[in-house]
2 protein chains.
Amino acid sequence: MHCSSLAATRAAFAAHHRYLVRYGLRTFSTTVAAMQLSSAATAAAAASSSTPSSSDGRKVLTVDTMNQHIRTMEYAVRGAIPIRADELREQLKSSPNSLPFKQITACNIGNPQQLAQKPITFLRQVSALMEYADLLGPEMIETTRKLFPEDAIERARRNLSYVGNAAGAYTHSLGIHEVRQNVARFIEERDGFPASADNICLTTGASGAVERVLDMLVSSPNVGIMIPIPQYPLYTATLARLNAQAVPYYLQEENDWQLSMSDLERALSEARANGTDVRALVVINPGNPTGGCLLSSNISEIVRFCEKHRLVILADEVYQTNIYTGTNPFVSFKQVVAQMQSEVELFSFHSISKGMIGECGRRGGYYEAVNIDQAVMAQMLKLASVSLCPNVQGQMAVDTMVNPPKKGDPSYAQYAAEIDAIFQSMRRRAKRLATAFDSLPNMSCNSAQGAMYVFPRVTLPQQFVDEARAKGVEPDSLYCMQMLEATGISVVPGSGFGQVPGTFHFRSTFLPPEELFDDFIDGFKRFHMGLLARYSPKI
Amino acid sequence: MHCSSLAATRAAFAAHHRYLVRYGLRTFSTTVAAMQLSSAATAAAAASSSTPSSSDGRKVLTVDTMNQHIRTMEYAVRGAIPIRADELREQLKSSPNSLPFKQITACNIGNPQQLAQKPITFLRQVSALMEYADLLGPEMIETTRKLFPEDAIERARRNLSYVGNAAGAYTHSLGIHEVRQNVARFIEERDGFPASADNICLTTGASGAVERVLDMLVSSPNVGIMIPIPQYPLYTATLARLNAQAVPYYLQEENDWQLSMSDLERALSEARANGTDVRALVVINPGNPTGGCLLSSNISEIVRFCEKHRLVILADEVYQTNIYTGTNPFVSFKQVVAQMQSEVELFSFHSISKGMIGECGRRGGYYEAVNIDQAVMAQMLKLASVSLCPNVQGQMAVDTMVNPPKKGDPSYAQYAAEIDAIFQSMRRRAKRLATAFDSLPNMSCNSAQGAMYVFPRVTLPQQFVDEARAKGVEPDSLYCMQMLEATGISVVPGSGFGQVPGTFHFRSTFLPPEELFDDFIDGFKRFHMGLLARYSPKI
């Protein structure tokens, strides 16, 4: 791409665009443009691949001269609908009765503490003591003991000893060594197989880890990375920015979103037949946006597939503790690879943003590198070093996540109660929302076996579909925008994640507080039934 | 580059490599390789552009198949010498008397809290209260008041109100709106010209901001970005990763590192004559690694130069409060651009990692975008949204930096005293170190007008230079490695930043605690004089 003319570049983008559309990955541009949105959303529309050129010809940096790989990139989770939701939220502040709803219900992003989920007390206590270490000094410690449990005090002292009492200093670029050792111990206990701190790298959330690994893998525009459809758009966005090929495969909606080996084979052989250098397979388990959990038999098949076809596995396992059914427990790729004594190359990603901790704003995460070439590991250290280090409190939160209070510790009871309350409530909400969606006409919804999302399928009246197409809008995007304007509920259209062409979905988190669920579900029902009624003669 | 064959790619890298060498930018590889270092450094050597291929032909991801732009990237600040320093530090832990020194003195990186600089109490108090907000609740507040001043409590409550009491949630991708407003106010007060929150983006340190802006600017391998020589290697590393051209210009060592307009003209016309699409100019003021501060007359000339030649200005101003002489006060590019009513496009970068705050591990920073096209701003919002948001405590530390306690506030006296003590001590250390280096034979050193570094020039005996070259090592790298092995002082060779070919420098921070300065300077003197003595007959 890079050495071709701009025209050729444009043509290539157009081709890739058509390719993604084939997989139901809608384009931000067309969707937004036709919605006659207000300023912010218009700016968002300007941020799309079909932006008109800057009116100001005198500028050096314009949408025409800028990095066109960023220009074509899409990221629906924070796209047009959330931007419109922000505007409506502001409107409600100034005139609370100006809209058919009293509040915005943000179901577009897995951001639990934004929706009143309480932080885990022990994690915050340790963190607070590290921030203001004078609390641990001789003058204050007695008063501190009135506010903090002894194990939080001990933990903060231990954490500070990890960084030579300098919580404000850069750490090693791969993260604090002792924290990486604790992560390795956590993985060993989880899987029953050895793990090494040398293979753990702490990162700025799992997103930072995924971006870094993809950057390592992409050596030319011809490199392809297999991604699930539907997928979390971090993957298509990053591959677009890196100017690489997304090689989509379908998750089987009718089979609780498991992977189909035959579809993997089909996708891979198609891409390689087209000359794409397919190097890696992304699996998101538990699934985002699907909520599906892979059976260990399915994971073994995937590992064998990647061995056979020489593919690196990227296992996005950030929802590994968000598991709601007995039938589909979480099984890590690392465990299966170790059991099979496979030499397949694996990067596994984890995060403090999900699970019951939900510390999204802290930006902490890690990857484990399994069977990765040592010289490549040295290159990844160099790459990490340019960004200096992940933030220290994010690293320390990873440590608390992998090393929580144990039975007998002063904080254990409260910690266990907080985790369990969040877990039980999430499980109830997952069931209620999936059931509610599944019970409506023209809708079907798999149960959420894990993660924080359901991905219901909506059968839209043909006339509605035609009207949307006539406006140049993806039908599911129009459906979600109308849902927002009618109910204040902000979800993400299926076309932001990809879906089987001709099918329509949306992703909704089940994170709103339980006490709001009746209103939430009633509001949605009214909107959905109302829409069907308006079009019923045509159904 | 991307669509050429791997062989052609290699050739292009080799050419770019020669180009950088012309500007005295040494290569990590040759330097390290010849030093017969131990495992970690060997790994670092493996992380160099001349790595032998992986022995394991079965791997999918190897140094030969990986992204070659990352492979060729250099980052000396955390390169071979700091890696060797880490090993020696470990050795001292296990056998304290096994080396000619008792401790490693890390002068390779501006990381003040690692060298016992105390954090600013108010910042940490506010941060601790935000972490554990129960301290502000009715049950605990009375006890909390015994440990925290009233203004820290008020500030924490205000900060929490900015995020709807959800310090653990993702924020807006550009950062918390109120913090961006406070940053804009800070800039208005600093410069005396309007600033808008809409033009402020909070980032993961200034490094994250620089990487994002460069990613926007680089639309093809033919794009060139002018960088100072010597430079902070973030710029060459990021340009190498993005596969763009570094277009080096020289800072005038004999003129306190000011920019020479004639050399800017020379560098630009050479590059454009070679067909490079030069789009932007990077200026680091106060200078890293030079410690120089630009006079406002020089800044005006630079702005005019960029207007005339249609260049975007990237102003790296992270050391804007590290100013040690009356003769060269800090003047922001934003102020000069506003005074001149220039329409030049400007990105200005600031950070919480430097100044007197030195919160490196918190990863907070921002950029201000001036005269940037609105559609480009929308693209930058989209790019930011893929990474979700910068960490909340980093954002809040930016807020405290731009909005410290005011006269009359309970915390003002302590805050002002802490800032002043750090500032006065840094100024004394800057002077002492520059004077000490400047007083030695075969050395000259400009005074540090700002920042945290001196960049002394060393005239190495010809025989030493010949011996280094014979080993395939950059002479200044060999000098710095010998300094480390003899004294435990870890500095960065000038070739990691670039220098006039045939000249040799190193960058040393002046951050070691003042009480260690005598030993530090004596140790260095012994090493330097000893080296000269060994080679004196040949001088």
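All of these numbers come straight from a predicted model, not from anything done at the bench. Numbers given for residues are sequential positions, taken from 1 along each chain in its written order. Chain letters and ligand numbers both follow the written order, the letters beginning at A and the numbers at 1. Restriction of local features to residues with pLDDT of at least 70 applies here, the model being predicted, together with a cutoff of 80 or more for giving and counting side-chain atom pairs; totals for whole chains, interfaces and linings are based on all residues. In computing side-chain values, all of the structure's heavy atoms are included and hydrogens and water are not.

Trainee: Which parts of the structure should I look at to understand the relation of the copies chain A and chain B?
Mentor: A rotation about some axis, followed by a shift along it, carries one copy of the chain onto the other. Aligned on chain B, chain A shows an RMSD of 0.0 Å; the corresponding rotation is 180 degrees and the shift along the axis is 0.0 Å. Taken together, the rotation and translation relating the two chain copies correspond to the operation of a two-fold axis. Of every C-alpha in chain A, the one belonging to Ala128(A) sits nearest the axis of rotation, 2.0 Å from it. Between two residues, a contact is recorded if the distance between any of their heavy atoms is within 4.5 Å. Taken as a fraction of all interface residues of chain A, those also at the interface in chain B reach 100%, which identifies the copy contact as same-surface. To superpose the copies, least squares is applied to the C-alpha atoms of every residue with a pLDDT of at least 70 in both.

Trainee: Just to check I follow, could you spell out the packing of aromatic side chains for this structure?
Mentor: Any aromatic ring pair is given by two values, namely how distant the centres are and how the planes are angled relative to each other. A pair of aromatic rings is counted whenever rings of Phe, Tyr or Trp (Trp by its six-membered ring) have centres within 6.5 Å, and the orientation is called stacked for planes under 30 degrees apart, edge-to-face for over 60 and tilted otherwise. Under the defined criterion, the tally for this structure stands at 30 aromatic pairs over all chains. With 5.3 Å between their ring centres and 90 degrees between their planes, Phe437(B) and Phe506(B) make a pair best called edge-to-face. Of this pair, Phe437(B) sits in helix 17 (residues 412–438) while Phe506(B) is found in strand 15 (residues 504–509), placing the two residues 69 residues apart along the sequence. Phe506(B) sits in the buried class, given a relative accessible area of 0%. Taken together, the ring pairs connect Phe437(A), Tyr479(A), Phe506(A), Phe524(A) and Phe527(A) into an aromatic cluster. Across from the ring centre of Tyr453(A), 3.9 Å away, lies the NZ or CZ of Arg507(A), which sits over that ring. The helix and strand labels rest on DSSP assignments: H or I over at least four residues marks a helix, E over at least two residues marks a strand, and numbering proceeds from the N terminus. Only protein chains enter the accessibility calculation, which uses a 1.4 Å probe; a residue whose area is less than 20% of its type maximum is buried, one above 50% is exposed, and one in between is partly exposed. Geometrically, a charge over a ring is one whose NZ (Lys) or CZ (Arg) sits within 6 Å of the ring centre while staying within 35 degrees of the ring normal.

Trainee: Looking at this model, I keep getting lost on the domain arrangement of chain A. Mind explaining?
Mentor: As a measure of interface size, the accessible area lost when the parts come together is often cited. All names here are of chain A. Domain start and stop positions are those given by an automatic or database domain assignment. Structurally, chain A comprises domain 1 (3–72), domain 2 (77–116 + 420–535) and domain 3 (177–402). For domain 2 and domain 3, the distance between their C-alpha centroids amounts to 28 Å. Summed over both partners, the accessible area lost on bringing two parts together, with a 1.4 Å probe, is the buried area. Taken over both partners, the interface formed by domain 2 and domain 3 buries close to 2,500 Å², and the fraction arising from carbon and sulfur atoms is 54%. When residues of domain 2 are sorted by the area they lose upon contact with domain 3, Asn446, Gln449 and Phe497 head the list and together hold 27% of the total. Every case where a carboxyl oxygen of Asp or Glu lies within 4 Å of a side-chain nitrogen of Lys or Arg is listed as a salt bridge. Applying the counting criterion to the domain 2 and domain 3 interface returns 0 salt bridges. Any N or O atom pair separated by 3.5 Å or less is treated as a polar contact, with the protein-specific requirement of one donor-capable and one acceptor-capable atom, and with residues adjacent in sequence counted only for side-chain atom pairs. Along the contact surface separating domain 2 from domain 3 lie 16 residue pairs in polar contact (both at pLDDT 80 or more).

Trainee: I'm lost on the nonpolar core in this one. Help?
Mentor: Generally speaking, nonpolar side chains in soluble globular proteins are found buried as a group. If you look at the biggest cluster of nonpolar residues, it comprises 298 residues, and the most contacted ones within it are Phe347(A), Tyr479(A), Phe347(B) and Tyr479(B). Among residues more than four places away in sequence, those in contact with Phe347(A) are Val213(A), Val312(A), Ile313(A), Leu314(A), Ala315(A), Tyr367(A), Glu368(A), Ala369(A), Ile372(A), Met380(A) and Leu61(B). By nonpolar core we mean a set of buried residues, namely Ala, Val, Leu, Ile, Met, Phe, Trp, Tyr and Cys, connected to one another through side-chain atoms within 4.5 Å.

Trainee: Got a minute to help me understand the pairing of strand 3 (residues 223–229) of chain A in this structure?
Mentor: Every regular strand shows the same layout, with side chains that alternate between the two sheet faces. Residue and element names in this part refer to chain A. Most of strand 3 is tucked away: 7 of the 7 residues are buried. Residues of strand 3 alternate between two faces, with Val223, Ile225, Ile227 and Ile229 on one and Gly224, Met226 and Pro228 on the opposite face, all of them buried. Here, any two strands with at least 2 DSSP bridges between them count as paired. Across 4 bridges, strand 3 lies against strand 6 (residues 277–284) in parallel orientation. Among the inter-strand pairings, Met226 is bridged to a residue of strand 6, identified as Leu281. When strand 3 meets strand 4 (residues 245–252), the two strands line up parallel, connected through 6 bridges. Paired with Met226 across the bridge in strand 4 is Val247. What joins strand 3 to strand 4 is helix 11 (residues 234–241), and the crossover it makes is right-handed. Here is how to tell: hold the view so the strands point away, follow the path from the first strand over the helix to the second, and if it runs clockwise the crossover is right-handed.

Trainee: Whenever I open this one, the pairing of strand 7 (residues 312–316) of chain A confuses me. Can you help?
Mentor: Residues and elements named next belong to chain A. For strand 7, the buried fraction is high: 5 of the 5 residues fall into the buried class. Covered by surrounding structure in strand 7 are Val312, Leu314 and Asp316 together with Ile313 and Ala315, the residues of both alternating faces. Bridge analysis of strand 6 against strand 7 gives 5 bridges, and the strand direction is parallel. Within strand 7, the position partnered with Val282 by the bridge is Leu314. Following the backbone out of strand 6, through helix 13 (residues 296–308) and into the adjacent parallel strand 7, one traces a crossover that is right-handed. As paired strands, strand 7 and strand 8 (residues 346–351) are joined by 4 bridges and run parallel to one another. Each residue of the ladder has a partner; that of Leu314, found in strand 8, is Phe347.

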